[in-house]
Amino acid sequence: MLNINNLHASVDDKAILKGINLNVKPGEVHAIMGPNGSGKSTLASVIAGKEDYEVDEGEILLEGENIDELGADERAHKGVFLSFQYPVEIPGVSVTNFIKTAINETRKAKGLEDMPANEMLKMIREKAELLEIDRKFLSRSLNEGFSGGEKKRNEIFQMAMLEPKLAILDETDSGLDIDALRIVANGVNKLKSEDNAVVVITHYQRLLDYIVPDHVHVLMNGKIVKSGGAELAHELEAKGYDWIKEEVSA
Amino acid sequence: MELKDKLISSFMAFENNVDVDSPIHDIRTEAIKNFEDEGFPTKRQEAWKYTSLDAVLKHDYSVFPKHESALEYKDVKKYFIHEIDCYKIIFVDGKYSSHLSQTTHDDIDVCLMSSALSKPKYRLIIENYFNKIATKDGISSLNTAFSAEGAYIHIPKNKLVQKPIQIIHFSTGREGALLLQPRNLVVVDENSHVQIIERHQSLTDNPILTNSVTEIFANKRAIVDYYKIQNDTSSASLIDNTFINQKQESIAKVHTFSFGGKLTRNNLNFYQNGERLDSTMKGITIIGDKQHVDHNTLVHHIEPNCESHQDYKGIYNDSATGVFNGKVVVEKEAQKTNAFQANNNILISDKASINTKPQLEIFADDVKCSHGCTIGQLDESAMFYLRSRGIPEKEARALLMFAFSNNVLDSVKIPEIKTRITKIIASKLGVNIGFDL
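Residues numbered from 1 in each chain as written. Chains lettered and ligands numbered in written order. Predicted model: local features only at pLDDT ≥ 70, side-chain atom pairs only at ≥ 80, totals over all residues.

Student: I'd love a proper account of the overall build of chain B, names of residues and values included.
Tutor: Looking only at helices and strands, chain B features ten helices and 20 strands. Its C-alpha atoms give chain B a radius of gyration of 21 Å, near enough to 22 Å, the size a compact globule of 437 residues would have. Counting only C-alpha atoms and orienting by the principal axes, one finds that chain B spans roughly 70 × 55 × 45 Å. Expressed as a percentage of its 437 residues, the buried residues of chain B come to 50%. Pairs at least 24 apart in sequence give 83% of the contacts found in chain B among residues at least 6 apart. (Helix = DSSP H or I, 4+ residues; strand = E, 2+ residues; numbered from the N terminus. Rg over C-alpha atoms; globule rule 2.2 N^0.38 Å. Buried ≥ 20, exposed ≤ 12 C-beta atoms within 10 Å, placed from the backbone. Contact = placed C-beta atoms within 7 Å.)

Student: Break down the overall build of chain A for me, citing the residues and quoting the values.
Tutor: Within chain A, the secondary structure is distributed over eight helices and twelve strands. Dimensions along the principal axes, computed over C-alpha positions, put chain A at roughly 60 × 40 × 35 Å. Burial analysis of chain A (250 residues in total) assigns 43% to the buried set. Considering only intrachain contacts with a sequence separation of at least 6, the fraction spanning at least 24 residues in chain A is 72%.

Student: Any details on the domain arrangement of chain B? Residues and values, ideally.
Tutor: Residues and elements named next belong to chain B. Taken as a whole, chain B is organised into domain 1 (3-274) and domain 2 (379-437). Each of domain 1 and domain 2 has a C-alpha centre, and the two are 31 Å apart. Listed per partner, the contact involves 13 residues of domain 1 and ten residues of domain 2. Listed by contribution, the elements that provide at least two residues to the side of domain 1 that touches domain 2 are β8 (193-202), β10 (223-230) and β12 (251-258). At three residues, β12 tops the list of elements feeding residues into the side of domain 1 that touches domain 2. Residue classes in the side of domain 1 that touches domain 2 are distributed as seven nonpolar, three polar and three charged. (Domains from an automatic or database assignment. Nonpolar A, V, L, I, M, F, W, Y, C, P; charged D, E, K, R; others polar.)

Student: Quick one: what's the story with unusual backbone geometry, residue by residue and with numbers?
Tutor: Unusually for a residue other than glycine, Glu163(A) sits at a positive phi of about 45°. Phi at Lys336(B) takes a positive value of approximately 60°, unusual for a residue other than glycine. Structurally, Lys336(B) can be placed in the loop between β17 (321-330) and β18 (338-347).

Student: I'd like to hear about helix α7 (residues 230-239) of chain A, residue by residue, with values.
Tutor: Residues and elements named next belong to chain A. Taken residue by residue, α7 has Leu232, Ala233 and Leu236 as its buried positions. In an axial view of α7, the angular spread of the buried residues amounts to 105°, which keeps them on one side of the axis. Opposite the packed face of α7, turned more than 90 degrees from it, sit the exposed residues Glu231, Ala238 and Lys239. Tucked inside the fold, the buried residues of α7 contact β3 (29-33), β11 (215-220) and β12 (223-228). Of the residues flanking the end of α7, it is Gly240, one or two places downstream, whose phi is positive at about 75°. (Arc of directions from axis to C-beta.)

Student: Requested: an account of the packing of helix α4 (residues 117-130) of chain A against helix α5 (residues 148-162) of chain A, with residues and values cited.
Tutor: All names here are of chain A. Remark: α4 packs on α5, axes separated minimally by 9 Å, with the N-to-C direction vectors making an angle of 135°. As summarised for this structure, α4 and α5 are arranged oblique, according to the angle between their axes. You can see that α4 and α5 cross each other, and the crossing is right-handed. Residues Met123, Lys127, Ala128 and Leu130 of α4 form the contact with α5, whose own contacting residues are Phe157, Ala160 and Met161. (Axes fitted to C-alpha atoms, helices over the stretch in contact; angles between N-to-C directions. Parallel < 35°, antiparallel > 145°, perpendicular 65-115°, else oblique. Left-handed = near helix turned anticlockwise from the far one by under 90°.)

Student: Explain the pairing of β17(B) to me, using residue names and the numbers behind them.
Tutor: All names here are of chain B. Counted residue by residue, β17 has eight buried out of ten residues, so it is predominantly covered. Bridging between β17 and strand β19 (residues 353-362) involves ten bridges; their strand directions are parallel. Looking at β19, one finds that Val330 is bridged to Ile362. (Pairing = 2+ DSSP bridges.)

Student: Now, about the environment of Gly175(A): what can you tell me, with residues and values included?
Tutor: Residues and elements named next belong to chain A. Relative to the helices and strands, Gly175 resides in the loop between β9 (166-170) and α6 (178-191). Given 16 C-beta atoms within 10 Å, Gly175 falls into the partly exposed group. Between the C-alpha atoms of Gly175 and Leu236, which are 61 residues apart in sequence, the distance is 20 Å. The residues touching Gly175, leaving out its near neighbours within four places in the chain, are Gly148, Gly149 and Lys152.

Student: An account of the environment of Gly94(B) is needed here, citing residue identities and associated values.
Tutor: Residue and element names in this part refer to chain B. Position of Gly94 among the secondary structure elements: in the loop between β1 (87-92) and β2 (95-96). Taking the number of C-beta atoms within 10 Å as the measure of exposure, Gly94 has 23 and is therefore buried. If we skip the residues at most four places from it in the chain, Gly94 touches Pro65, Glu149 and Leu180.

Student: Report on the packing of helix α3 (residues 95-109) of chain A against α5(A), specifying residues and quantitative values.
Tutor: When two helices pack together, you describe them by how their axes are tilted relative to each other and by the distance separating the axes. All names here are of chain A. Interhelical geometry of α3 versus α5 gives an angle of 35° and a closest axis separation of 10 Å. Two packed elements cross with a definite hand, and for α3 against α5 that hand is right-handed. Here Val95, Ile99, Ala102, Ile103 and Thr106 of α3 lie close against α5, whose contacting residues are Asn154, Gln158, Met161 and Leu162. Counted by class, the contact of α3 with α5 contains six nonpolar, three polar and no charged residues.

Student: Provide a residue-level description of the interface of chain A and chain B, including the pertinent values.
Tutor: Listed per partner, the contact involves 23 residues of chain A and 20 residues of chain B. Of all the elements in the fold, those that place two or more residues in the side of chain A that touches chain B are α2 (72-77), β7 (90-94), α3 and α5 of chain A. Residues belonging to the side of chain A that touches chain B are distributed by class as follows: twelve nonpolar, eight polar and three charged.

Student: Provide a residue-level description of the nonpolar core, including the pertinent values.
Tutor: Grouped together as the largest cluster of nonpolar side chains are 157 residues, with contacts concentrated most on Ile168(A), Val200(A), Ile165(B), Val188(B), Ile216(B) and Leu399(B). Looking at this core, the element that brings in the most residues is helix α9 (residues 393-405) of chain B, giving eight residues. Lining this core are residues from two domains, each supplying at least three of them: domain 1 (3-274) and domain 2 (379-437) of chain B. With residues up to four places along the chain from it excluded, the contact list for Val200(A) reads Val29(A), Ala31(A), Leu169(A), Leu207(A), Leu208(A), Ile211(A) and Pro213(A). Val56(B), Ala145(B), Ile239(B) and Leu263(B) belong to the second-largest nonpolar core, a separate cluster that totals 21 residues. (Core = buried A, V, L, I, M, F, W, Y, C linked by C-beta atoms within 7 Å.)

Student: Explain the sheet that holds strand β20 (residues 368-376) of chain B residue by residue, including any values.
Tutor: Residue and element names in this part refer to chain B. Across the sheet, ten strands lie side by side as β2-β1-β5-β8-β10-β12-β14-β16-β18-β20; this open sheet has mixed pairing. This sheet does not close on itself; its edge strands, each paired only once, are β2 and β20. Examined bridge by bridge, β8 and β10 share seven bridges and lie parallel to one another. Note on β10: the bridge partner recorded for Glu198 is Lys228. Sheet strands in contact with α9 are β14 (278-287), β16 (307-316) and β18, and its direction is about 165° off that of β16.

Student: Any chance you could break down helix α2 (residues 25-38) of chain B for me, citing the residues and the numbers?
Tutor: All names here are of chain B. Across its 14 residues, α2 extends 20 Å between first and last C-alpha, which sits within 8% of the 20 Å expected from 1.5 Å per residue. In the core, the buried residues of α2 are packed alongside α1 (3-17) and α7 (138-145). Among the residues trailing α2, Gly39 stands out with phi positive, at a value near 65°. (Expected span 1.5 Å × (residues − 1).)

Student: Give a detailed account of the pairing of β11(A), specifying residues and quantitative values.
Tutor: Side-chain direction in a regular strand flips from residue to residue, so the side chains alternate between the two faces of the sheet. All names here are of chain A. In the sheet, β3 pairs with β11 via four bridges, with the strands oriented parallel. What sits directly across from Ala31, in β11, is Val216. Relative to β12, β11 runs antiparallel, the two being bridged by five bridges. From the neighbouring strand, Leu219 faces β12, where its bridge partner is Ile224.

Student: Can you break down the environment of Ser349(B) residue by residue, with the values?
Tutor: All names here are of chain B. The topology assignment puts Ser349 in the loop between β18 and β19. Distance in space between the C-alpha atoms of Ser349 and Gln377 is 8.9 Å, their sequence separation being 28 residues. Not counting chain neighbours up to four residues away, the residues in contact with Ser349 comprise Asn317 and Asp318.

Below, the structure is given as C-alpha cells:
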C-alpha cells in the first residue's frame, strides 16, 4: 500500500525527516510514536502533499506509484486521507457542502458523474450516525466554533465519507475526552478493512488501546529508531522515551 | 470638442425638445449651470482621489440616441431574473421598450419618468420629491440637467407590492459610443413594501457610459429592498448616484453586486430623517483584468435611535483596483445611534490593489459606532485542508472566496437573486461547483 524509502524532507532548508523507511500493507494498522519535535506531523504532512515541505531525497510510493510530484488533491483522489491535528476553521462553508464538494470533485477526477443527491444524503446520514454526529452539526460552518472533540469527530466523519485507502490520523486523540475517544476509535475500527490501511500518529498509548496496531514505530530526530509490535507502545507508556534515546546513542 | 463643452451645447437642443413649462424646467437650467461650474470630478477632489474618469471621458459619446433599437426577449432573457414574475421597466439605448416591459397603474405606479414629468396627475409627487435629495455636484447635476427618462415608482400607503420590479437598461452599440443618463424616482409611502432590481447591460463592445441618478424616499414604516447587479462588459462604465431619504421606522437595504464593467463608481447616500429607522448597505465585489470598482458611501445619522449596517466584501484579481470610502456622520442630536461598518478585501494577485478608508464624524456622545477594514490573502492552511480532501486548487480557491463573501447574501430576500449571484460568482471564479450552502 505505502512504501516510504529513505525519505528526507526539509522546511526552509531545515532538515526534519532524515531517512524514513516505512512499509504499510493493506489491512494493517501502524502507529508512529515519538517525543515532541521528532518529525511525526511533518511525516504526515509530507505524505499528504503539503507544499511547504521540500522532499530532498527518497520516495513515497502509493500502491507502487511515486506520488512525490502530485498535489494534495491528486493524492486524495488516489486514496490518501489525513486527519488533521488542528483542523482548519472555514467560516461560510457548511460541513455538508464541504463534504459534497470533496466527494464530487474526487468523482470528477475519476471520470465519474456527481453522486446522486439522495444517495449522498443517505450516506451522510449513515456516517453521521456512526460517529454520533447530530444532524444540526452538519449545517454549521466547517470547524468554526467546534470543540476539540467535535473537530476530531468531524475529521473521522470525512474519512468515513471519502473511504480512503490510506488514512493517516495525526494526533487524533489529542483534545479528546474518553467518550469522544471511544466514538472516534470505534468509527475508525468500523471503517477498517483488508483493503485499506491506517497510520496512527500519536504521543500517547491510550488511543492504541482502542485502535490496536500491528506495528509500532518510534520516530526520533527525523528517523525511525525502533519498530515492534503493539507491546512496544505499552513499554513506551511505562518507561517513556529516554531508554530508547540511550539505546540509540549507545 | 471636449465632452463637457459638447454636453453644455447639447443642453440647448435638449431644452428645445422638452416642455419648458414643465415644473422641472428651472431645476434643469440650474443644474446645467452647476455642471458648467463644477464639470466632471477629478482626482484632485478628495472623494475622487482614487478614481479617474479621464479614460472613460475621452470617447465621443452620443448624447441623444438617434435610432430606436428593438431587442427580442429571447436574446436578452438571461439578464432578467426571469424565474419569477416581475414588473419590468426596460430601456434600450435610453429609450423605453414597451414590448419588453410590464408596467402598471393598478393601485401602484410602476411606469416611466417621462410620463411622470409630463402628466398633470404626477405633478404633486414631482414637486414634492424630484431632485430633493440628489446632490448638486457636477456629476449628479449633469444627470439632473438632462433628466427625461427612467423609472418612476410610486407606492401609496399600505401596499405590499407582491412582485419585484426590474429596471434594466440595455445598450446595443448602434450609436457608437453612447452616454446614458437614466433618472429614477422611487417614492414608497407609509407602511408599504417594495423590492427593486436594477441592472445596466451593454450588448456591445462600443464604449458606454451611464451616469445614473436614483432618488428613493422611504416614508414612515416603509420597507425598500434594492438590488443592484453590476456585471457589465469591459467597455461599459457606470457612475451610479443613489440617494435615499428615510422617515421614521423605515427600513432601506441596498445590495450592490459588482462583478464587471470597465469602471464602476457607486455613490450611495443615506439620509436618516426620522427616529428608529434602519439603513443597510452591503456589497460583493469580484473583479479582475483592469476593472475598477469604487464604493463611496455616506450615512447621515440625523435623529436618535437609528441603525446603519455596512458590509462590503471585495476580491481583486489581476490588475483590478478597488476603492471603499465609507463615511458615517452622526449629528449631535442622533444619540443612541448604532452604526456598523466593515470592509474586507482579498487581493489575489500582486498587481491588484484596494484603497479603503472609513471616515467617521461623530458629534453625539452616546453612540455605538464600529468600523473595520481588512486586506489579506487567502489562507494557505485552509487551502491545504481543502485540497487534502480532494478539492483541486482552483475549486478550493473559489470555495474559500465564496465563503469569504457569502454572508452578504444572508440578507438577500429573493432566493432567485441569491441563486443568480452565486452562479455569477462561480463563473467569475471559473469553476463549476454548486455553492448551495
